[in-house]
Amino acid sequence: MIQLADLTSRIESFSLTAVVDTALCVGAGGSSGSLADKPIVRNAEGNLIIPASQVKGRLRHECEKLARGLGWPICETPVAGQMRLWRQYAVPPEFVRPEYEVPGYPNSYHCLISQIFGDPILPSRIILDDWVCTEDSESLPEVMRPGVSINRRRGTAEEKKLYFLETSPVNAQLRFQGKCYFLPSLTPDRPDYAKALIWAAFQHIHALGGSKSAGLGWLHWELPDIDEVRAEVWDFLVRGMSNVSN
């Protein structure tokens, strides 16, 4: 029997803050109460938020890039059906390695990223909060940014296609706070590289939300100091590159 107190006592976490350097545009489709065609997303208390789902998707993408750079073969996401198919029938030879075997899942090989973020077989090991703006929502003005749809073939503006985006105030240095939680490792006999990899991946996320190419959503992170980049963790991660080279 699993006791809830035992489970929660084994969950590690760290807090971090996103500081928005420009204006943020994270749209809430179907929302009402605003004149904008694409209002900014808020929680039930009216505070601006950056949804956890958006951060987690970008985080996985950056972790995949880091792992590939270190020489580890990574599953192709988000084609979940193909990921399950090759695990059942023909496993690529580069995935048949002891680091990809997970106890309790026989004849199944899971890349380092799947062991953190999950796949059609494994559960996700990390849980993210929504990042909530610390500024009082009532003190923030409603900011509208006009735009117009462009006809890509003609390279001109479409007729009667004016729209309005709601954004956060420009250059207000708004702070959004949230937490990243780590569930117990599926492979307790190996160095827990997850926190170190995710900590590094956050430093590669420089923008979130829509209209990033127009200068919206650019931000930086205030990250805690972590002691997880130990020699054993680094040796484990760089082993992927040495195995490929051999």
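Residues numbered from 1 in each chain as written. Predicted model: local features only at pLDDT ≥ 70, side-chain atom pairs only at ≥ 80, totals over all residues. Heavy atoms only, no water.

Draft legend 1. Focus on the layout of surface pockets. The calculated volume of the largest pocket comes to roughly 160 Å³. The wall of the largest pocket is formed by 10 residues, among which Ala196, Leu197, Ala200, Trp234 and Leu237 lie closest to the centre. Here the lining of the largest pocket gets four residues from one element, more than from any other, and that element is helix 5 (residues 194-202). By residue class, the composition of the lining of the largest pocket is 10 nonpolar, no polar and no charged. (1 Å grid on protein atoms, 1.4 Å probe; cavity = no way out; pocket = protein on both sides within 12 Å on 5 of 7 lines; lining within 4 Å. Points joined across faces, edges and corners; volume = space filled by probe spheres on them. Helix = DSSP H or I, 4+ residues; strand = E, 2+ residues; numbered from the N terminus. Nonpolar A, V, L, I, M, F, W, Y, C, P; charged D, E, K, R; others polar.)

Draft legend 2. Region of the structure containing the packing of aromatic side chains. All chains considered together, the criterion is met by eight aromatic pairs. Aromatic pair Trp131 and Phe202: ring centres 6.3 Å apart, planes at 55°, arrangement tilted. Here Trp131, found in strand 4 (residues 131-133), pairs with Phe202, found in helix 5; they are 71 residues apart in sequence, far enough to count as distant. Both residues of the pair, Trp131 and Phe202, belong to the buried class. Put simply, the rings of Trp72, Phe95, Tyr100, Tyr193 and Phe236 touch in pairs and so form one group of aromatic residues. Positioned above the aromatic ring of Tyr100 is the side chain of Arg97, whose terminal nitrogen or guanidinium carbon lies 5.4 Å from the ring centre. (Phe/Tyr/Trp six-rings, centres within 6.5 Å; stacked < 30°, edge-to-face > 60°. Buried < 20%, exposed > 50% of the residue type's maximum accessible area, 1.4 Å probe, protein only. Lys NZ or Arg CZ within 6 Å of the ring centre and 35° of its normal.)

Draft legend 3. Seen up close, unusual backbone geometry. In this model, Asn171 sits at a positive phi of 50°, which is unusual for a non-glycine residue. Secondary-structure assignment places Asn171 in the loop between strand 6 (156-167) and strand 7 (174-182). With a phi close to 55°, Gln173 is a non-glycine residue in the positive phi region. With respect to the helices, strands and loops of the structure, Gln173 is situated in the loop between strand 6 and strand 7.

Draft legend 4. Looking closely at the confidence of the model for the protein. The share of residues in the protein with pLDDT of 70 or more is 83%, and the mean pLDDT across the chain is 80. Per-element mean pLDDT across the protein ranges from 48 in helix 1 (residues 4-9) up to 92 in helix 2 (residues 52-69). Scored below 50 in pLDDT, residues 1-7 makes zero contacts in the model with residues more than four places away or belonging to other chains. (pLDDT = per-residue confidence, 0-100. Contact = heavy atoms within 4.5 Å.)

Draft legend 5. Spatial organisation of helix 2. Counted at 1.5 Å a residue, the expected span for helix 2 with its 18 residues is 26 Å, and the 26 Å between its end C-alpha atoms agrees. Taken together, the buried positions of helix 2 are Ala52, Val55, Leu59, Arg60, Glu62, Cys63, Glu64 and Ala67. Taken from the residues just after helix 2, Gly71 is the one with a positive phi, measuring 95°. (Expected span 1.5 Å × (residues − 1).)

Draft legend 6. Structural detail: a nonpolar patch on the surface. A cluster of nonpolar residues, Val148, Ile150, Leu162 and Phe164, forms a patch on the protein surface that exposes about 330 Å² of accessible area. Accessibility expressed as a relative area gives 32% for Phe164, which makes it partly exposed. (Patch = residues over 30% accessible without salt bridge, like charges linked within 9 Å, V, L, I, M, F, W, Y side chains within 5 Å. Areas by Shrake-Rupley, 256 points an atom, 1.4 Å probe, with all protein chains shown as cover. Salt bridge = Lys/Arg side-chain N within 4 Å of Asp/Glu carboxyl O.)

Draft legend 7. Representation of the nonpolar core within the structure. In terms of nonpolar packing, the biggest core is built from 51 residues, with Leu59, Trp131, Phe176, Ile198, Phe202 and Trp221 touching the most fellow members. It is helix 5 that provides the largest number of residues to this core, a total of six residues. What Ile198 contacts, discounting residues up to four positions off in sequence, is Phe14, Leu59, Cys63, Ile116, Phe117, Ile126, Cys180 and Phe182. (Core = buried A, V, L, I, M, F, W, Y, C linked by side-chain atoms within 4.5 Å.)

Draft legend 8. Broad picture of the pattern of salt bridges. Counting across every chain of the model gives seven salt bridges. Salt-bridge contacts for Glu12 lead to Lys195; the nearest nitrogen and oxygen are separated by 2.9 Å. Pair noted here: Glu12 is in strand 1 (residues 12-20) and Lys195 is in helix 5, with a separation of 183 residues, a long-range link. Overall, the relative accessible area of 39% leaves Glu12 in the partly exposed class. According to the relative accessible area criterion, Lys195 is buried, its value standing at 12%.

Draft legend 9. Here's a closer look at the packing of helix 2 against helix 5. Two elements in contact, helix 2 and helix 5, have axes separated by 9 Å at closest approach and are oriented at 105°. The orientation of helix 2 with respect to helix 5, classified from their angle, is roughly perpendicular. Touching Val55, Leu59, Glu62, Cys63 and Leu66 of helix 2 are Leu197, Ile198, Ala200, Ala201 and Phe202, all from helix 5. Tallied by class, the residues present in the contact of helix 2 with helix 5 amount to nine nonpolar, no polar and one charged. (Axes fitted to C-alpha atoms, helices over the stretch in contact; angles between N-to-C directions. Parallel < 35°, antiparallel > 145°, perpendicular 65-115°, else oblique.)

Draft legend 10. The arrangement of the environment of Val96 in detail. Checked against the element boundaries, Val96 lands in the loop between helix 3 (80-88) and helix 4 (112-117). Taking the relative accessible area as the measure of exposure, Val96 reaches 46% and is therefore partly exposed. C-alpha of Val96 to C-alpha of Cys111: the two residues are 15 residues apart in sequence and 9.9 Å apart in space. The residues contacting Val96, other than those within four sequence positions of it, are Val91 and Tyr109.

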